[in-house]
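# Working through the structure, step by step
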Amino acid sequence: MSQLTATPQVDQVVRRWSRGPRCVGRARAELSSTLADWNLVTISDSALLVLSELLTNAVRHARVRGREIETRFVRLAQGVRIEVHDASSVCPVRVAPSEDLFSGRGLLIVDALSGRWGVSDRRGPGKAVWAELHAQAVIA
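The following refers to the structure shown. (Residues numbered from 1 in each chain as written. Predicted model: local features only at pLDDT ≥ 70, side-chain atom pairs only at ≥ 80, totals over all residues. Heavy atoms only, no water.)

### Side note on the sheet that holds strand E1 (residues 12-17)
Whether parallel or antiparallel, the strands of a sheet pair through hydrogen bonds between backbone atoms. To keep it simple, the criterion reads: Note on pairing: DSSP must find at least two bridges between two strands before they are called paired. To qualify as a helix, a DSSP run of H or I must reach at least 4 residues; to qualify as a strand, a run of E must reach at least 2; elements of each kind are numbered from the N terminus. Under this scheme, a helix contributes an axis fitted over its contacting stretch, all axes are lines through C-alpha atoms, and angles between N-to-C directions fall in the 0 to 180 degree range. Contacts between residues were defined by any pair of non-hydrogen atoms, one from each residue, lying within 4.5 Å.
If you walk across this open sheet you meet the five strands as E1-E2-E3-E5-E4, and the pairing is antiparallel. Edge positions in the open sheet fall to E1 and strand E4 (116-121), since each of these has one partner strand only. Within this sheet the neighbouring strands show an average axis-to-axis angle of 15°, counted without direction. As paired elements, strand E2 (residues 69-76) and strand E3 (residues 79-86) share seven bridges and run antiparallel to each other. Of the residues in E3, the one forming a bridge with Glu-70 is His-85. Against the sheet, helix H1 (residues 22-37) touches E1, E2 and E3, its axis set at about 170° to E1.

### Thoughts on the side chain of Ser-114
Defined as follows: Each residue is placed in one exposure class: buried if its accessible area under a 1.4 Å probe, protein chains only, is under 20% of its type's maximum, exposed if it is over 50%, and partly exposed if it falls in between. Residues adjacent in sequence count toward polar contacts only when both atoms are side-chain atoms; beyond that, a polar contact is any pair of N or O atoms within 3.5 Å, and within protein one must be able to donate a hydrogen and the other to accept it.
Structurally, Ser-114 can be placed in the loop between helix H3 (106-113) and E4. Overall, the relative accessible area of 9% leaves Ser-114 in the buried class. A distance of 2.6 Å separates a polar side-chain atom of Ser-114 from the backbone oxygen of Val-110. Leaving out residues up to four positions away in the same chain, Ser-114 has contacts with Ala-131, Glu-132 and Leu-133.

### Section: empty space enclosed by the protein
Convention followed: For cavity detection a 1 Å grid was placed over the protein atoms alone, and a set of points counts as a cavity when a 1.4 Å probe fits there but cannot get out; an open set counts as a pocket when protein lies on both sides within 12 Å along at least five of seven lines, with lining residues being those that have an atom within 4 Å of a point. Grid points are joined across faces, edges and corners, and a volume is the space filled by probe spheres set on the points.
With the rule as written, the count across this model stands at one cavity of 30 Å³ or more. Lining the largest cavity are Arg-19, Ala-62, Val-64, Arg-67, Glu-68, Ile-69, Asp-86 and Ala-87.

### Remarks on the pattern of salt bridges
Convention followed: What counts as a salt bridge is simple: a side-chain nitrogen of Lys or Arg found within 4 Å of a carboxyl oxygen of Asp or Glu.
The final tally for this structure, using the stated rule, is seven salt bridges. Where Arg-81 meets Glu-83, a salt bridge forms, and the shortest distance between an N and an O atom there is 2.7 Å. Of the two residues examined, Arg-81 and Glu-83, each falls in the buried class. Taking the shortest distance from any N to any O, the salt bridge between Glu-132 and Arg-81 comes out at 3.0 Å. Of this pair, Glu-132 sits in strand E5 (residues 127-134) while Arg-81 sits in strand E3, and the two are 51 residues apart along the sequence. For Glu-132, a relative accessible area of 9% puts it in the buried group. Through salt bridges with shared partners, a single ionic network connects Arg-81, Glu-83, Arg-116 and Glu-132.

### Brief notes about the side chain of Glu-83
The topology assignment puts Glu-83 in strand E3. The exposure class assigned to Glu-83 is buried, which follows from its relative accessible area of 10%. Only 2.7 Å separates the side chain of Glu-83 from the side chain of Arg-81, close enough to count as a polar contact. At 2.7 Å, the side chain of Glu-83 and the side chain of His-85 are in polar contact. With residues near it in sequence (within four places) discarded, Glu-83 still touches Glu-70, Thr-71, Arg-72, Val-74, Val-129 and Trp-130.

Take a look at the structure:
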């Protein structure tokens, strides 16, 4: 007689990254794999873009010597919460769209693609910038 053993389901993936441009691609690969494991590939494109924007902001603006950036991917019911933690206390600011801007549109993209997003305090120095994305229910 064979026994079935339940494997615990991972509901959160936490990684730390050295602050540098290569971490964005590596974090995207980690999120892509995680979404596949969680059967959330339908939101992969949007989630990867949101992660890219949040993590790129942290790489560019959260310059705290000796500190890494942390990503957390938290499984939600039919979705994912993407968090980027950094040691800077400076909060990101969403700017009004303008044809003159060559950058600064990242949070507009995050706002458009996520159900909700925000900035939260965290243990220790800095902040967590997060966004939640949900898969749309398919009605047959």
